[in-house]
Amino acid sequence: WFQYTSPIFLYFSAAMTKSTVEVVVVACGAPKRGMGWYHCLQLLQGRVQDATLTDIVEPFFLGAGKDSVMGKEFAEWAATAAAKGVALHSSVAEMPQSTGPKLAMICGRTADNPKLLREVIDRGCTHVYLEKPGAPTVKELQEMAAYAKAKNVPIFMGYNRNFSKYIRLANDFLASPSAPQGCALTLGRNDCFNTSESLDECFERNAEGMVKNMLCHEILTLVTYNGLTVDSIAEVVADQAYTHQETRNGITDFSRIGCTIKTKSGQKFILWGDRSDGEYSEAVVTKVGMEAFKSVRPCPEIVAKQAELEKATPGCMPYFYFQDGEYLDLKQAVVDHIFHGRDGTPEGVASPETAIEGLKICDVVTEALVADKFEIPLNICNHPSSWGVDYAECPTNPPWEGVIKCIAESGYSGTELGPVGYYDPAGLGEKLESLKLQLVAGNIFEKLHEPAEVKAILEKVHMSCKTLQKHGAKFFVIVPHVAEEKIATAGRSSDAPRLRDALWAQFMDAIKQVAEITKSYGIHCTLHPHAGCWIEYEDEIERAMLDLPAELVSMCLDTGHAAYAGLDAVETYKKYAARIPYMHFKDANGPVLRKLQAEKLGFWDGIKSGIFCPLGHGVVNFPALLRAMKEKGFSGWCCVEQDADNSIEDVQARLMIPFECCKLNIKYLRSLGVTSASSH
C-alpha cells in the first residue's frame, strides 16, 4: 500500500537506528531576527520532543554576508550550535545526501522557496516544513506541490496562527449555541515595525507584500476553520479610509490594510492589519456592529511567558516571544506526525492545497485594495428616526437635546428636523450653531391617503417649513404613512393590495398641495417611497412619478425601504437619478427580510426584528450605489437613517445604542471613499 521510496517506508526502514526525527533548517537567518533562527533555538533547547537539529543551511551569512556585522554575530552563534553537533552548510548542495527520514524546514525569503524546495527534495529530505506563504504566486506554489507529490514528499505549511488560542476561542464561540445568527467575524492585528528604519527593512525583506506576508495568516484560518474559498466570495470591499499604501526605498506596499469579505452564503469576515503599533491580535464576533465575543493575543498567560522568554534571550523580534507557543505546537504536530509514520496532514496544519486556496484569496483581496481609489464628496446628515422618533408626542422618545448632540458627536454635518414638535424651535438655532450642524430637511410621516386628515397635515407642513426656512434647510420629504391595508404585506408585492383609482387621485392631489406649500417657502419637495404604505413597490413608484409633476415633486430614494420592497436600490437610483436630489441611506438585514417574507409578517414586526441594520451589514450594495451616484453627478446631501424601536425599558440605552450605530454608519461610508463636501 506504499511505495518503497515513500517517506513512510523510509521511516520504518530506519526506525531501528533513528530514535528522533532529524531536522535541517534551511535559510536560518540572523540571530534573534530570522524565523529560521528561532526554529533552531527551540530545537536546540530540546523543546520539540522527538526532534534533533542536525544541519543548518545559511547561504548568506556563510557566504557573501559573512563579513557583515550580522554575519559575525551569526558566526559566533553558529559556533555554539556546532558545539552541540549541528553541521553548518552554505548551500543545500553541501549538505550530505539524506538516507533516512529527514524534515527540511525552509525559512528563506518567499522568492527563494521554489528553488530551495527542489534542492532539499533532490538532496533526499523526506518531509518539508515550508514557511508561509510558500511561494510568491499561486502558480509557483502549485508547481512546488506537484513536484513534491511526484517525489512522494509531504509538505506541511508553516501557518502558526492556525494554532492560536484566540482564533480557537473565537471559532469555538461561533460553533456554540450562544453565537447570534448572521454574525460577522473580525480578525485584526498590529505588528511591531514601529520605526521608519524597521518599516523600510520590512518592505525590502517581505517583497511578496503585506497581504501575502502578514494578512495571509488570518486568511488561512478562515480557509481552515470557516470554510472560505475563492469561489465562495461574493465581494471584497476595501476600507479605503483605513488602508494605506506607500513607497519605501523604491518598494511600494501597504503599511495598513482593511477590508471586508462577503460570501455568497451570507458570511461576513472583516480583516484589518497594521505593520506598526505593537504585537496585538484580536478575533471579534459582532452582530450588526455590537460585540458578542472577543478574544485577544497576548492574553495574561502569554504576557507572563513573554517576560520569561525575553529575560532568558533578550533582544529578539517581539513576535517571537508572543508566538513562541504557537511555533512549538505547530512543529510538534509535524514532528509527531512524522515520528509515528502517519499519513495525510496533522490536524490544524495547513496542507499545500489549503495554502494554494489562501494565496488565491490573497490575490483577490490585493486586487480589491489596489483598485483605483474611489472618492465622492457628500454632505451626510442624520435623522431623529435613528432613535425611533417617528411621532413627536411618543413618550419613549429620548430627549431631543441628547439626540442632536449624538448626531454631531458621531461625525455628521447636519440633521433633519424630524416630526414637527420634536426639536424645540425656540432652542434649535442655538443648538445648531454650538454643534456646528446644518438643518438639512424636514418631513412628514402622515396619512395623506386619507382625505379627512389632509387639512391638519397641511398645517404641520407650514409649521415645519417656517422652521426649515429660518435655518436655511433646502429639502422637504413626504413620507407616506403606513396604511392598515398594507402593513401586513410589507415587502411582499404579490400579496399586497393597491389603492383604488379614485383614492389614488385624491392621494396625488394631497401630495401636490404639500409640494405647493413647500415651494412657497423656497424648499424643494421630495417623495419618499416607504414599506407598508401606498407607494412602496416598483409599479406604485412608477405611477407616482408619472402622476406628479417633475418640476414640483422629486424623489427621496430610501435605499433600505427599496430593498425591503424587493427592489435593487442601485438600479432604482439609476432609473430615477434625474429626479433624486436628496437621498436616505439605509440598509436591510437579509436574513431578517427573508424571515419576514417567509412567515408573512408585517412592517412593525420588521422594525422590532431589526430589519434595518447598520450600513454594510445588509443587502444594499453601497459601493456600487456610490459609484452610480458619482457617474450621475450627484452632489449635496444624503441622510443616514436606521429606523429603530425606542420602546425598550432602558432609558439610557434608547439614546446610546443608536449613537453607537450612527458612529458605525459614518465610519462605513468614509471607508468606501465618501468625503466631506464643502458646500451646504
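What counts, and at which threshold
- Residues numbered from 1 in each chain as written.
- Predicted model: local features only at pLDDT ≥ 70, side-chain atom pairs only at ≥ 80, totals over all residues.
- Heavy atoms only, no water.
- Helix = DSSP H or I, 4+ residues; strand = E, 2+ residues; numbered from the N terminus.
- Buried < 20%, exposed > 50% of the residue type's maximum accessible area, 1.4 Å probe, protein only.
- Contact = heavy atoms within 4.5 Å.
- Areas by Shrake-Rupley, 256 points an atom, 1.4 Å probe, with all protein chains shown as cover.
- Lys, Arg positive; Asp, Glu negative; His and termini not counted.
- Charge placed at Lys NZ, Arg CZ, Asp CG, Glu CD.
- Pairing = 2+ DSSP bridges.
- Salt bridge = Lys/Arg side-chain N within 4 Å of Asp/Glu carboxyl O.
- Core = buried A, V, L, I, M, F, W, Y, C linked by side-chain atoms within 4.5 Å.
- Axes fitted to C-alpha atoms, helices over the stretch in contact; angles between N-to-C directions.
- Polar contact = N/O pair within 3.5 Å; in protein donor to acceptor, adjacent residues only side chain to side chain.
- Phe/Tyr/Trp six-rings, centres within 6.5 Å; stacked < 30°, edge-to-face > 60°.
- Lys NZ or Arg CZ within 6 Å of the ring centre and 35° of its normal.
- Parallel < 35°, antiparallel > 145°, perpendicular 65-115°, else oblique.
- Nonpolar A, V, L, I, M, F, W, Y, C, P; charged D, E, K, R; others polar.
- pLDDT = per-residue confidence, 0-100.
- Bend = angle between axes of the 7 residues up to and from the residue.
- Expected span 1.5 Å × (residues − 1).
- 1 Å grid on protein atoms, 1.4 Å probe; cavity = no way out; pocket = protein on both sides within 12 Å on 5 of 7 lines; lining within 4 Å.
- Points joined across faces, edges and corners; volume = space filled by probe spheres on them.

**Looking at the overall build of the chain**
Regarding its fold elements, the chain presents 24 helices and 24 strands. For the chain, the C-alpha atoms occupy an extent of roughly 100 × 55 × 45 Å along the three principal directions. Residues classed as buried in the chain amount to 57% of the 680 residues present. Taking all contacts inside the chain whose residues are at least 6 apart in sequence as the whole, residues at least 24 apart take part in 79%. Approximately 28300 Å² of the chain is accessible, and the part contributed by carbon and sulfur atoms is 52%. In the chain, the 68 positive side-chain charges and the 85 negative ones have mean positions that sit 2 Å from each other.

**Overview of the pairing of strand 9 (residues 244–248)**
Direction of pairing for strand 9 relative to strand 10 (residues 251–263): antiparallel, over a ladder of 5 bridges. If you follow threonine 247 over to strand 10, its bridge partner there is threonine 252.

**Description of the environment of aspartate 605**
By the secondary structure assignment, aspartate 605 is in helix 22 (residues 603–609). The sequence separation of aspartate 605 and alanine 490 amounts to 115 residues, and the corresponding C-alpha distance is 9.8 Å.

**Here's the deal with the pattern of salt bridges**
Applying the stated rule across the entire model yields 36 salt bridges. Across the pair arginine 248 and glutamate 246 runs a salt bridge whose closest N-O atoms are separated by 2.9 Å. The salt bridge partner of aspartate 643 is lysine 586, with a shortest N-O separation of 3.8 Å. With aspartate 643 in the loop between strand 23 (637–640) and helix 24 (651–671) and lysine 586 in the loop between strand 20 (582–585) and strand 21 (587–588), this pair connects stretches of sequence that are 57 residues apart. Judged by relative accessible area, which is 14%, aspartate 643 ranks as buried.

**Remarks on unusual backbone geometry**
Between lysine 132 and the following residue, proline 133, the backbone shows a cis peptide bond with an omega angle of -5°. Looking at where proline 133 falls in the secondary structure, it is placed in the loop between strand 5 (127–131) and helix 5 (138–150). The amide bond that connects arginine 297 to the next residue, proline 298, takes the cis arrangement and shows omega of 10°. Among the secondary structure elements, proline 298 is positioned in the loop between strand 13 (290–297) and helix 9 (300–312).

**Some details on the nonpolar core**
One finds Phe585 and Met629 to be the most contacted residues of the largest nonpolar core, which totals 113 residues. For this core, the leading source of residues is helix 17 (residues 501–520), giving 8 residues. Excluding residues that lie within four positions of it along the chain, methionine 629 makes contacts with Ile376, Leu378, Tyr573, Met583, Phe585, Phe634 and Cys638.

**A closer look at the sheet that holds strand 1 (residues 21–26)**
With parallel pairing, 6 strands are arranged side by side in an open sheet as 3-2-1-4-5-6. Looking at which strands have only one partner, the edges of the open sheet turn out to be strand 3 (87–89) and strand 6 (155–158). Averaged over all adjacent pairs, the angle separating strand axes in this sheet is 25°, with direction ignored. In the sheet, strand 1 pairs with strand 2 (residues 51–57) via 6 bridges, with the strands oriented parallel. Looking across to strand 2, one finds that valine 23 is bridged to leucine 53. The strands that helix 2 (residues 35–44) touches are strand 1, strand 2, strand 4 (102–106) and strand 5; relative to strand 2, the one it contacts most, it runs at about 145°.

**Some points on the side chain of asparagine 190**
Topologically, asparagine 190 is positioned in strand 7 (residues 184–190). Reaching out from asparagine 190, the side chain makes a polar contact with the backbone oxygen of serine 276 at a distance of 3.2 Å.

**Looking at the packing of aromatic side chains**
As enumerated under the stated definition, the model contains 21 aromatic pairs in all. Seen from their ring centres, tryptophan 504 and phenylalanine 507 are 6.1 Å apart, and the 90° between their planes marks the pair as edge-to-face. Taken together, the residues tryptophan 504 and phenylalanine 507, both in helix 17 and 3 residues apart, mark about one turn of the helix. Phenylalanine 507 shares its class with tryptophan 504; the two are buried. Relative to phenylalanine 612, the ring of tyrosine 564 has its centre 6.0 Å away and its plane inclined at 65°; by these criteria the two rings are edge-to-face. Of this pair, tyrosine 564 sits in helix 19 (residues 559–564) while phenylalanine 612 sits in strand 22 (residues 612–613); the two residues are 48 residues apart in sequence, bridging distant segments of the chain. One aromatic cluster in this structure is built from Trp37, Tyr38, Phe60, Phe61, Phe74, Trp77, Tyr319, Phe320 and Tyr327. A cation over an aromatic ring shows up here: arginine 118 above the ring of tyrosine 147, its NZ or CZ 4.1 Å from the ring centre.

**Re the environment of phenylalanine 74**
Relative to the helices and strands, phenylalanine 74 resides in helix 3 (residues 69–83). Classification of phenylalanine 74 by relative accessible area gives buried; the value is 0%. When sequence neighbours within four positions are dropped, the list of residues in contact with phenylalanine 74 reads Cys28, Gly29, Pro31, Glu58, Phe61, Leu62 and Leu88.

**Quick word on the pairing of strand 13**
In this sheet, strand 13 lies alongside strand 12 (residues 280–287) in antiparallel orientation, the contact comprising 7 bridges. Bridge pairing in strand 13 links alanine 283 to serine 295. From the end of strand 12 to the start of strand 13, which pair antiparallel, there are 2 residues, and valine 288 there has a positive phi angle of about 40°.

**Digging into the packing of helix 20 (residues 569–576) against helix 23 (residues 622–631)**
One way to put it is that helix 20 packs onto helix 23 with a least axis distance of 9 Å and a crossing angle of 10°. What the angle tells us is that helix 20 and helix 23 run roughly parallel. Note on element contacts: helix 23 touches helix 20 through Ala624, Leu625, Ala628 and Met629, opposite Ala569, Val570, Tyr573 and Lys574. The residue inventory of the contact of helix 20 with helix 23, partitioned by class, reads 7 nonpolar, no polar and 1 charged.

**Examining the confidence of the model for the chain**
A residue-level look at the chain finds 97% of positions with pLDDT of 70 or above and a mean pLDDT of 92. Confidence over residues 1–17 falls short of pLDDT 50; this stretch has 23 contacts with residues more than four positions distant or in other chains.

**Topic: helix 8 (residues 210–226)**
Remark: the principal bend of helix 8, roughly 60°, maps to cysteine 216. Counting buried positions along helix 8 yields 15 of 17 residues, so the element is predominantly enclosed.

**Points about helix 5**
A rise of 1.5 Å per residue sets the reference length of helix 5, with its 13 residues, at 18 Å; its end C-alpha atoms lie 18 Å apart and thus fit the reference within 8%. Those residues of helix 5 that are buried are in contact with helix 4 (113–122), strand 5, strand 6 and helix 12 (352–370). Just past helix 5, the residue asparagine 152 takes up positive phi, approximately 60°.

**Digging into the layout of surface pockets**
Of the pockets and cavities examined, the second largest pocket occupies roughly 1000 Å³. Looking at the second largest pocket, it is lined by 43 residues, and the ones nearest its centre are Gly34, Met35, Cys107, Arg205 and Asn206. Mapped by element, the contributors of at least two residues to the lining of the second largest pocket are helix 2, helix 4, helix 7 (196–205), helix 8 and helix 10 (318–322). Considering only residue class, the lining of the second largest pocket consists of 15 nonpolar, 12 polar and 16 charged.

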